[in-house]
Amino acid sequence: MIGKVQKSLNMRVLYLSPRVCWPIISGAHLRDFYLARQLACGATLTYVGLDSGKPSTPESTRLQLQKLLSGAEILTIPRDPSYRPANLVRGLIGPTPLNVLNFTSAAVMAELERILYDRSFDAIQIESMHLIAYARRIRQLYPRVRLICDWHNIESEILTRYAEQDSNPLRRFYARRTAALSRAMENQFLHLGQAHTVCSEREREILLQRVPQARIEVVGNGVDVEYFAAGPTQNEVRQDLVFLGRMDYHANIDAAVFFAKKIWPLVRARRPELRFVVVGAQPTREVLALRELASVTVTGTVEDVRPFYHSALAAVVPLRVGGGTRLKVLEAMAAGTPVISTTLGAEGLAVTAGKDILVAESPEAIADTVASLQAESPAWQSLVTNARTLVQTQYDWAVIGEVLLRLYAEQVEMGARCLGTT
């Protein structure tokens, strides 16, 4: 479906990201990849990713990404490792939050300036408030270039929620301070960009309360519906509960551990034939330790997540912290797997509890919901059908790409008018 989009917009776009989006190992990588892919189909794209890999991204990966992004130019800039001691101290006592310091360096700034000097762009997309230092510099050097800021989530909101859940008082204090500093940076970010894209209407409303004059468009997270629907042959017996996500991300760690220790024993008592399967890259020691529990599997990195969806009775999303919208929910829906989620896990998505998703909050309520679900029953099949219709009509990346390209066309036209060229 993506290939049907024509390169109809005569514009040059720079896509600046805190990461190299291939291979896809997290929701952030996935959003970057598909938004960049949509832009590459409608414009001439240069993708610049900050590379924290040791060793750095191999040439073969860069060439593969170039092919996947319709021949876009792929550039990488090495950056310093995150959470260096000096940054931890500066984030505690200074005005700049740690999540910005981690991505800011003079070396990256110099290389970015060289790239901007060598090339000409009509619009620049900045991925997240973490890159605000570079957004400021771009605005200084090229005030007429349209700056479009993409928000994967509202970082200050995530940090506030994290502080409410964490049991360690020192981490709670640091998270609250970082949340306050991040909110100030977010407000600056809102003023820097001529346009902003967010994952949900809820986030749009929150940010407009801060800066009512901001141009904010909902360009939600999506899913390649055809890819997940046409996945490998399904297993005949659906006896797994799956949780998918990058397993070094604190919100996913909290959710997996919470489910395994608080909910899974209740489920096992009523449905002993079921298994709990945690799927995702880079599991921490805390997550790996869940393997010691009865009928719990932790896979680590897998080449293809679809077989895990297709062998599942349900995908569980017991999130208690986090922000943005959950790509894991959309993937499960596209794959034909019912979703059982907390309210926060389904936040920002146009879902209807009981129709296309099941929502429960307490461990007891989640366990009851799992226990009552029977594969291939009329109720189970109704959830599958309704959810797939939802993602086909509202969340396929091709649908989302059209919204993004319309925004770019609007912004580039506005920029041209400001220059008096139209």
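Residues numbered from 1 in each chain as written. Predicted model: local features only at pLDDT ≥ 70, side-chain atom pairs only at ≥ 80, totals over all residues. Heavy atoms only, no water.

(A) Expanded view of the environment of His196. Its place among the elements puts His196 in strand E6 (residues 195-198). Relative accessible area serves as the criterion here: at 0%, His196 is assigned to the buried category. For His196, the side chain forms a polar contact with the side chain of Trp151, separated by 3.1 Å. Only 2.9 Å separates the side chain of His196 from the backbone oxygen of Leu190, close enough to count as a polar contact. (Helix = DSSP H or I, 4+ residues; strand = E, 2+ residues; numbered from the N terminus. Buried < 20%, exposed > 50% of the residue type's maximum accessible area, 1.4 Å probe, protein only. Polar contact = N/O pair within 3.5 Å; in protein donor to acceptor, adjacent residues only side chain to side chain.)

(B) Highlighting the nonpolar core. In this structure, Leu241, Phe243 and Phe276 are the most contacted members of the largest nonpolar core, which totals 60 residues. Looking at this core element by element, the count peaks at 10 residues for helix H11 (residues 250-270). Residues in contact with Phe243, not counting those within four places in the same chain, are Asn252, Ala255, Ala256, Phe276, Val277, Val278, Val279, Val316, Val317, Pro318, Leu319 and Lys328. (Core = buried A, V, L, I, M, F, W, Y, C linked by side-chain atoms within 4.5 Å. Contact = heavy atoms within 4.5 Å.)

(C) Fine view of the environment of Pro318. Inspection of the secondary structure puts Pro318 in the loop between strand E11 (312-317) and helix H14 (327-334). Excluding residues within four positions of it along the chain, Pro318 makes contact with Phe243, Ala255, Phe258, Phe259 and Thr342.

(D) Seen up close, the sheet that holds strand E10 (residues 296-298). Read from one edge of the open sheet, six strands run E10-E9-E8-E11-E12-E13, paired in parallel fashion. Whereas interior strands pair on both sides, the edge strands pair on one side only; in this sheet they are E10 and strand E13 (358-359). Relative to strand E9 (residues 275-279), strand E8 (residues 240-244) is paired through five bridges, and the arrangement is parallel. Bridge assignment links Asp240 to a residue of E9, and that residue is Arg275. (Pairing = 2+ DSSP bridges.)

(E) Looking closely at the pairing of strand E4 (residues 123-127). A large share of E4 lies buried, amounting to five of its five residues. Side chains Ala123, Gln125 and Glu127 of E4 all project onto a buried face; the interleaved residues Ile124 and Ile126 project onto the opposite face, where all are buried too. Where strand E1 (residues 12-17) and E4 come together, four bridges link them in parallel fashion. Looking at E4, one finds that Val13 is bridged to Ala123. The pairing of E4 with strand E5 (residues 146-150) spans five bridges and is classified as parallel. In the strand pairing of E5, Gln125 is matched with Ile148. The parallel pair E4 and E5 is bridged by helix H6 (residues 132-141), and the resulting crossover is right-handed. (Right-handed = clockwise from strand over helix to strand, strands pointing away.)

(F) Local environment of the pairing of E11. The buried count for E11 comes to six of six residues, which makes it a mostly enclosed element. Bridge count for E8 against E11 is three bridges, and the pairing is parallel. Bridge pairing in E11 links Asp240 to Ala312. Bridging between E11 and strand E12 (residues 339-341) involves three bridges; their strand directions are parallel. Paired with Ala315 across the two strands is Val339, which belongs to E12.

(G) Local environment of the state of the cysteines. Scanning the entire structure with this criterion turns up zero disulfides. Not engaged in a disulfide, the cysteine Cys41 finds its nearest cysteine sulfur in Cys21; these two sulfurs lie 13 Å apart. Taking relative accessible area as the criterion, Cys41 reaches 7% and is therefore assigned buried. Cysteine Cys199 shares no disulfide, and the gap to the nearest cysteine sulfur, in Cys149, comes to 14 Å. Residue Cys199 is classed as buried on the basis of its relative accessible area, which comes to 4%. (Disulfide = S-S within 2.5 Å.)

(H) Broad picture of the packing of helix H3 (residues 85-93) against helix H8 (residues 169-192). Orientation of H3 relative to H8, taken along the N-to-C sense of each, is 70 degrees, at an axis distance of 9 Å. With respect to each other, H3 and H8 are oriented roughly perpendicular. In this structure, the crossing between H3 and H8 has a hand that is left-handed. In this structure, H3 uses Asn87, Leu88, Gly91, Leu92 and Ile93 to contact H8, whose residues at the interface are Phe173, Tyr174, Arg177 and Leu181. A class-by-class count of the residues in the contact of H3 with H8 yields six nonpolar, two polar and one charged. (Axes fitted to C-alpha atoms, helices over the stretch in contact; angles between N-to-C directions. Parallel < 35°, antiparallel > 145°, perpendicular 65-115°, else oblique. Left-handed = near helix turned anticlockwise from the far one by under 90°. Nonpolar A, V, L, I, M, F, W, Y, C, P; charged D, E, K, R; others polar.)

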